[in-house]
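# Commentary on secondary and tertiary structure
What follows is the residue order along each chain.
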Amino acid sequence: MRLSTLLIGVALAVVPAAPAFAQDDIELLAKLGSRTFGSLPTAPAALGDGTVLFEADDGVHGPRLWRSDGTAAGTRVVTDLPYRTEYAKLYANEVVDGVAYLHMGSSIWRSDGTAAGTRELLVLPPEGKRAAAAAADGDELRRTVFLPFKGGVAFVVGNLEQRLWVADAAGVRRLDVVPEDGGWTYLGLAGSTGDELYFTQGGSLLKTDGTREGTVGVPNGADFEGLALLDGYALVASRTYTTQEGHRYPLVAVPPGSGPPVKIAESSSRIGPMRVLDGVLYFGTDAGVHRWAPEQGVTALGGPAPAGNESHASGSENFAKTGAVLFWAGGAGADGLWRHDGTSVARVPGPARSPMRITTVAPGRVLFWAYDSTDPDGERVLWLADAAGMQRVPGEVIRGEYTYPFVRSAHGLLYAAFTEQGDVELNRSDGTVAGTGQLVDLNTLPKGSGPSNAARVGDRVLFTTYEHPGLWVTDGTAAGTTVVREHDRTGAPLAPRTLYSDGATTYFQGRDDWLYRSDGTAAGTREIAGPFRALEGVGPVGSAFVFGQLPNCYPCDAELWRTDGSAAGTRSLGVEYDYPATAVAGNGRSLLIGGALFGFFRTGGETAVANHRWLNFDAVPAPGGYLAAGQAKDNESGLYRLDEDGANAQLVTPIGPNFPLGLERLGDRVVFIAETAAFGRRWHSADLRGGDLQPLPLEFGNQYVYVDQAGGFAFITRPVADGSELWRTDGTAAGTIKLVSLKGTYWDTLPDQFTAFAGQVFFTAGDEVSGRELWRTDGTPAGTKLARDLWPGPESSDPYGLVATDDFLLFTADSLEYGYEPWRIRRAPGPAPRPEEPAPVTITPLPVPDAPSSPLGTLPVKQLRATVSVQVKRAKAPRGSVRWTVSGRVDGTGCSGRVRIDLRSGSRRVKTVTAQLRRCRYTATVKAAVRGRNRSLSVRTLPTRTLVAATSRTVRVR
């Protein structure tokens, strides 16, 4: 059913007597992954004794304060960080006179690098007009900086109503040097000599000795642009304007004492960056790079204007000096790494572009982040350079615009960087390529291999993993779980996309865009034909498998194809459709296929015929052909009979005014939603001829309803005010009963992925006590219960990808010990035969007249899986909140229905939104409080007729 108010999935099975399952029957199949989560090292600062203080999360205890001397053995925990709110974070960590001062949420701390020496100095609740809003959304104070002042440390805190503070041996107190006008007073610290503090108010630069009388404006401080302090001099960059010249940017040296200020440079663009190195000020103008010292004056070094002179606030780390060689990043028109060796200027040979955070790492060598001009679509990567050339450091990547700083320790520069798995960990560089890389894995919490796309092939199951790009197969044992093929026809990683199975053979598309097939063996896994655009599997008919080739444009139609597993037998069926396609029903002779819009297609595997005369269409196999539900154009809605080819529709039972929804076959009856004059809008049942219409004691509103068929029952979920209810029916009024009520939100509790195995039906569901876990039922309320709490407590293991064979059921779940890995349930062994008993005799029943020509269990619908792509962009948001635009595509069979987007803080889900799929794409906005720790987003499809839930990769968000 392709209707926004009804999403349906199918799993057909026969349930024998149900054995009792023990907890030990549900076990980890194999630990396939080696990935771990990142510790996200944050705000590193050098204490001055060769150690670096920083925050990191080990995945178990949450954010903690760590200390490292640049060795793995010397990296250890200092203390826990007692954040006052859930979304608090470490905004600043700066060292003054060997002591670290930390801005954590709404409090100020100090630390000497020991647990005993780490203590809270000041709690700063939200102030004035922001108090109510901040209390409502958990907002915190803005990041601050710390500067030495009068034997203590000065800092500014606050959002709109900012204040100067000082912490020293006498305690913490307000520095009352600025008149309060009752409005928005924007203050910012600019620099300190120790006895005098420079700060900005609005756009002007002031200095103070700590008293209101001693607070004065700084010459050239109006329209302030930047400040550097050197040997008692204040080097002030500002902006002026004249009608003749427009904007001009002077740099003025203000001497100590009462001497007059001296203009030492002027530029038509902003002065900057400015940096004091080895007792000399280096700065940039539109004429290039210059140096200044009190006794030497200004010297032009030449070369291009440095990057960052367009904004003094950026680029101070775009200067570095080692020995006599000065390095800087060239600005517009001269992009790259430049150097001055004391006599001449030259570009350092190499492909690095837009260098950032240039830092001396060893004598004569610098370390920096930059793009690689030979990889135009790549991210920023790490480079080592000297005056003669540069070398890219393998594997070190920055994703996004923020670049992590380098901080010096006793054993090299420490920095944060992404691992190959996309997580952030602590790294170190000693100035060599071999000595640059991950220092230690602080967060050893496993991610798992991330299995997905499970599909049955006979008595085995094929699947893929996020970590390994090959095709896996399992027989339900750890020893029998292996990679069946690793590479595509070109020798590149195979990287199979969504797997589609007819029960004996699986079809998929490789990274090389070719169509492949596999029977679960290495010899039987081979390419068929290609290349194709993106594919979606539909289903088998006769000896053929039908699939769709999706367009590479929008809006465009997809094309229906067939294959018999050979190149010669792979061809177009000559019809186009509005994707996605859905295998509605099949009987071995014909296959009925629904498109995204009206009508359906029917095919016998050689040709395809479109029938667009239906406003809605659903069908099940029935003796002599099909029983269909819907409304043909220019005709009544109701139940129709179709012949074995899916043609010659004849109305047998009118139902109105609305057409029937959710048609499912249960033995010799069908169930569906209908609105009739006699019984109202509710679930009904009828026989396979469309007659004997009977009401079921289950009403239906306009809410989302899910129906899955497994084990001879139809399982129906209904939303209620405090969660959801699970019902089952066998097509009779007496056999329609409620199995369980699940407490929580509807989307969190929603049961789905019903899969029959070994006399029971397994499914996933959630409640407030156990989170989302694996459940089982024998069709009775007493027999409907949690199968196993794989992640104990309210956290969720989020099981997905349930696929059953005769001997085992495979699924993927998350656990604290293993991460996302494959699990399996074994069929309980039968009793051993007594010696005197005769050997078992197999009795084959006679065929039932007019039965479908292939068993219902061969329909491939349950094996269809989707792949989910996700892209996250930071969006503009009101003050006090943050928003992300989450978008992507669902390829495979999940192009209709909805997706669920989860925002997590660590392992805890803090927010969930849903989005409707439109032509295989989704877009949604997720909003949260501005402060958050270790946050991530993931997208999960919700079950439809052809889709078991699939989950995207997890995306870290800031």
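Scroll up to find the structure.
Quick caveat, the model's predicted, so the values are computed rather than measured.

What follows covers the overall build of the protein. Per the secondary structure count, the protein includes 2 helices and 82 strands. Counting all 958 residues of the protein, 56% fall into the buried class. Intrachain contacts of the protein at a sequence separation of at least 6 include 47% that bridge at least 24 residues.

Relative to the assigned elements, Asp58 resides in the loop between β4 (52-57) and β5 (63-68). For Asp58, a relative accessible area of 11% puts it in the buried group. Within the local environment of Asp58, its side chain forms a polar contact with the side chain of His61, the two groups lying 2.6 Å apart. At 3.4 Å, the side chain of Asp58 forms a polar contact with the side chain of Arg64. When near neighbours in sequence (up to four residues on either side) are disregarded, Asp58 contacts Arg64, Trp66, Leu442, Asn443 and Thr444.

Turning next to the pattern of salt bridges. A full pass over the atoms with the stated rule returns 32 salt bridges. Between Glu196 and Lys207 there is a salt bridge; the shortest N-O distance is 3.7 Å. Of this pair, Glu196 sits in the loop between β15 (187-192) and β16 (197-201) while Lys207 sits in strand β17 (residues 204-208); the two residues are 11 residues apart in sequence, bridging distant segments of the chain. Residue classification places Lys207 among the partly exposed positions, given a relative accessible area of 21%. With its nearest N and O atoms 3.5 Å apart, the salt bridge here joins Arg682 to Glu699. One end of the pair, Arg682, is in strand β62 (residues 680-687); the other, Glu699, is in strand β63 (residues 694-699), with 17 residues separating them in the sequence. A relative accessible area of 17% means that Arg682 is categorised as buried.

One finds Trp884, Val886, Ile901, Tyr922, Val926, Leu937 and Val939 to be the most contacted residues of the largest nonpolar core, which totals 20 residues. For this core, the secondary-structure elements that each account for two or more residues are β77 (881-891), β78 (898-905), β79 (908-916), β80 (921-929) and β81 (935-941). Phe327, Val381, Trp383 and Val397 belong to the second largest nonpolar core, which has 17 residues in total.

A few words now on the sheet that holds strand β6 (residues 75-80). As summarised here, the arrangement of the 4 strands in space is β3-β4-β5-β6, forming an open sheet in which the pairing is antiparallel. Pairing within the sheet leaves two strands with one partner each, and these edge strands are β3 (42-46) and β6. The average angle at which neighbouring strand axes cross in this sheet is 30°, direction not considered. Two elements, β5 and β6, share 5 bridges in a ladder whose sense is antiparallel. Residue pairing in the sheet places Arg67 in a bridge with Arg76 of β6.

The buried fraction of strand β72 (residues 800-804) amounts to 5 of the 5 residues, a majority that puts the element mostly inside the structure. Bridging between β72 and strand β73 (residues 808-813) involves 3 bridges; their strand directions are antiparallel. Across the sheet, Ala804 pairs through a bridge with Leu809, a residue of β73. Counting the residues in the hairpin turn of β72 and β73 gives 3 residues.

This brings us to the packing of aromatic side chains. Across all of its chains, the model carries 26 aromatic pairs by this definition. Each ring, one from Phe547 and one from Trp561, has its centre 6.2 Å from the other, and the planes form 25°; the classification is stacked. Of this pair, Phe547 sits in strand β49 (residues 544-549) while Trp561 sits in strand β50 (residues 558-563), placing them 14 residues apart in sequence. We classify Phe547 as buried; its relative accessible area is 3%. An aromatic cluster is built from Phe713, Phe715, Phe754, Phe763 and Trp775, whose rings are joined through pairwise contacts. A cation over a ring is seen here: Arg489 above Trp514, with NZ or CZ 4.0 Å from the ring centre. For the cation-ring pair, Arg827 lies above Phe757, with the distance from its terminal atom to the ring centre recorded as 5.4 Å.

This part takes up the sheet that holds strand β27 (residues 297-302). Strand order in this open sheet of 4 strands is β24-β25-β26-β27, and the pairing throughout is antiparallel. Of all strands in the sheet, those with a lone pairing partner are β24 (274-277) and β27, marking the two edges. Sheet twist, expressed as the mean angle between neighbouring strand axes with direction ignored, is 25°. Direction of pairing for strand β26 (residues 288-293) relative to β27: antiparallel, over a ladder of 5 bridges. Counterpart to Arg291 in the pairing with β27 is Thr299.

Turning our eyes to something else, we now look at the environment of Val397. With respect to the element layout, Val397 can be found in strand β35 (residues 390-398). Taking the C-alpha atoms as reference points, Val397 and Gly422, separated by 25 residues in sequence, lie 9.0 Å from one another. The residues touching Val397, leaving out its near neighbours within four places in the chain, are Trp369, Glu379, Arg380, Val381 and Phe418.

Along the chain, the position of Ala756 falls in strand β68 (residues 752-757). The class for Ala756 is buried, based on a relative accessible area of 15%. In the structure, Ala756 is positioned 46 residues away from Leu802 in sequence and 9.7 Å away in space, judged by C-alpha atoms.

What follows covers the environment of Thr403. As for its position among the elements, Thr403 is in the loop between β35 and β36 (407-409). Taking the relative accessible area as the measure of exposure, Thr403 reaches 3% and is therefore buried. Considered as a pair, Thr403 and Ala417 are 14 residues apart in the sequence and their alpha carbons are 8.8 Å apart. Residues in contact with Thr403, not counting those within four places in the same chain, are Met356, Arg357, Trp369, Arg380 and Ile398.

Here the focus is unusual backbone geometry. Going from Gly272 to Pro273, the amide bond is cis rather than trans, its omega being -5°. The peptide bond linking Gly530 to Pro531 adopts the cis configuration, its omega dihedral lying at 0°. Mapped onto the elements of the fold, Pro531 is located in the loop between β47 (526-529) and β48 (535-541). One non-glycine residue, Asp97, adopts positive backbone phi at about 55°. Relative to the helices and strands, Asp97 resides in the loop between β7 (90-96) and β8 (99-104).

You can see Asn93 is positioned in strand β7. Here the side chain of Asn93 touches Ala43 through a polar contact of 2.8 Å, landing on its backbone oxygen. From its side chain, Asn93 meets the backbone oxygen of Leu53 in a polar contact 3.0 Å long. Leave out the neighbours within four places in its chain, and Asn93 touches Ala43, Pro44, Ala45, Leu53, Phe54, Ala100, Tyr101 and Leu102.

Criteria and thresholds
Residues numbered from 1 in each chain as written. Predicted model: local features only at pLDDT ≥ 70, side-chain atom pairs only at ≥ 80, totals over all residues. Heavy atoms only, no water. Helix = DSSP H or I, 4+ residues; strand = E, 2+ residues; numbered from the N terminus. Buried < 20%, exposed > 50% of the residue type's maximum accessible area, 1.4 Å probe, protein only. Contact = heavy atoms within 4.5 Å. Polar contact = N/O pair within 3.5 Å; in protein donor to acceptor, adjacent residues only side chain to side chain. Salt bridge = Lys/Arg side-chain N within 4 Å of Asp/Glu carboxyl O. Core = buried A, V, L, I, M, F, W, Y, C linked by side-chain atoms within 4.5 Å. Pairing = 2+ DSSP bridges. Axes fitted to C-alpha atoms, helices over the stretch in contact; angles between N-to-C directions. Phe/Tyr/Trp six-rings, centres within 6.5 Å; stacked < 30°, edge-to-face > 60°. Lys NZ or Arg CZ within 6 Å of the ring centre and 35° of its normal.

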